[in-house]
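Here is what each chain is made of, one letter per residue.
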Amino acid sequence: LHDALPILNLLAGLFEFVQYRPDEVIFSAGEAGHDFYIVIAGSVKVGLNLGAADGTEKIFCTMGESEFFGEIALLHSCKRTASVTSVDNCTMLKLNRVQFERFRRAVPSMEGPFRREATMRLTRTLKRDCELFRAYWENPHAWSAERKATHSAAAIAAATAPPKKEGEKKKKGR
């Protein structure tokens, strides 16, 4: 325990306690990600269009005590892939991006769990949101070479490239 005191002191100084009342938005899908959270008490729901009155709300999961979220945006420098809203009174530990990096350096054994969880969550997002990925995931054996070629990165880039202006010279490939 004596050897762990410096790390425990560092960690105690990194985390900020935050509290949310029921139905408070913690962050929304598409926002820039700045913080990482660990639920201490209460629960949150994760999804899209949370609280939408028009019936378009999609809840992916509910998270509770000891579960964490917000790591994807910090690990991959991307926007939030889902929204998170408190279900009831919640107490959480929060780390901003700089504190999160210090935490990862101080406790390197957490790197694996963070990466594994982020990978699983991103895979679920791809399965949910990306038609091509979902089609492959549901039946990988039916994914023919022809279909792969049709949907290759080059084919997609060519199909989505802006039209060339009249008189524009073709670039020569090397």
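Structural data are supplied above this passage.
All of the points below concern the structure found in this document. Computed from a predicted model, the values in this text were never measured in an experiment.

### Overview of the packing of aromatic side chains
And then number 1: For the structure shown, the criterion picks out 6 aromatic pairs.
And then number 2: A ring pair is formed by F27 and Y37, whose centres lie 6.1 Å apart and whose planes are at 35°; its orientation type is tilted. One end of the pair, F27, is in strand β2 (residues 25-27); the other, Y37, is in strand β3 (residues 35-41), with 10 residues separating them in the sequence. The same class applies to F27 as to Y37, namely buried.
And then number 3: Pairing F36 with F100 gives two aromatic rings, centres 4.9 Å apart and planes at 45°, and the pair type is tilted. With F36 in strand β3 and F100 in helix α3 (residues 97-106), the pair connects residues that are 64 residues apart, well separated along the chain.
And then number 4: Taken together, the aromatic side chains of F27, Y37 and F69 make up a single cluster linked through ring pairs.
And then number 5: Positioned over the ring face of F27 is R80, at 3.8 Å from the centre of the ring.

### Let's talk about the sheet that holds β3
And then number 1: Pairing in this open sheet of 4 strands is antiparallel, and the strands run β1-β8-β3-β6 from one edge to the other. Looking at strand neighbours, the two that pair on one side only are β1 (16-20) and β6 (68-69), the edges of this open sheet.
And then number 2: When β3 meets β6, the two strands line up antiparallel, connected through 2 bridges. Counted as the bridge partner of I38 is F68 from β6.
And then number 3: Running over the sheet, α3 touches β3 and β8 (90-96) and is turned about 85° from β8.

### Quick word on unusual backbone geometry
And then number 1: Positive phi, normally seen in glycine, also occurs at S66, with a value near 75°.
And then number 2: With respect to the secondary-structure elements, S66 resides in the loop between β5 (58-63) and β6.
And then number 3: Overall, the relative accessible area of 56% leaves S66 in the exposed class.
And then number 4: For S77, which is not a glycine, the phi torsion comes out positive at approximately 50°.
And then number 5: When you line up the elements, S77 lands in the loop between α2 (71-76) and β7 (83-86).
And then number 6: The exposed category is assigned to S77, whose relative accessible area is 62%.

Rules behind the numbers
Residues numbered from 1 in each chain as written. Predicted model: local features only at pLDDT ≥ 70, side-chain atom pairs only at ≥ 80, totals over all residues. Heavy atoms only, no water. Phe/Tyr/Trp six-rings, centres within 6.5 Å; stacked < 30°, edge-to-face > 60°. Helix = DSSP H or I, 4+ residues; strand = E, 2+ residues; numbered from the N terminus. Buried < 20%, exposed > 50% of the residue type's maximum accessible area, 1.4 Å probe, protein only. Lys NZ or Arg CZ within 6 Å of the ring centre and 35° of its normal. Pairing = 2+ DSSP bridges. Contact = heavy atoms within 4.5 Å. Axes fitted to C-alpha atoms, helices over the stretch in contact; angles between N-to-C directions.

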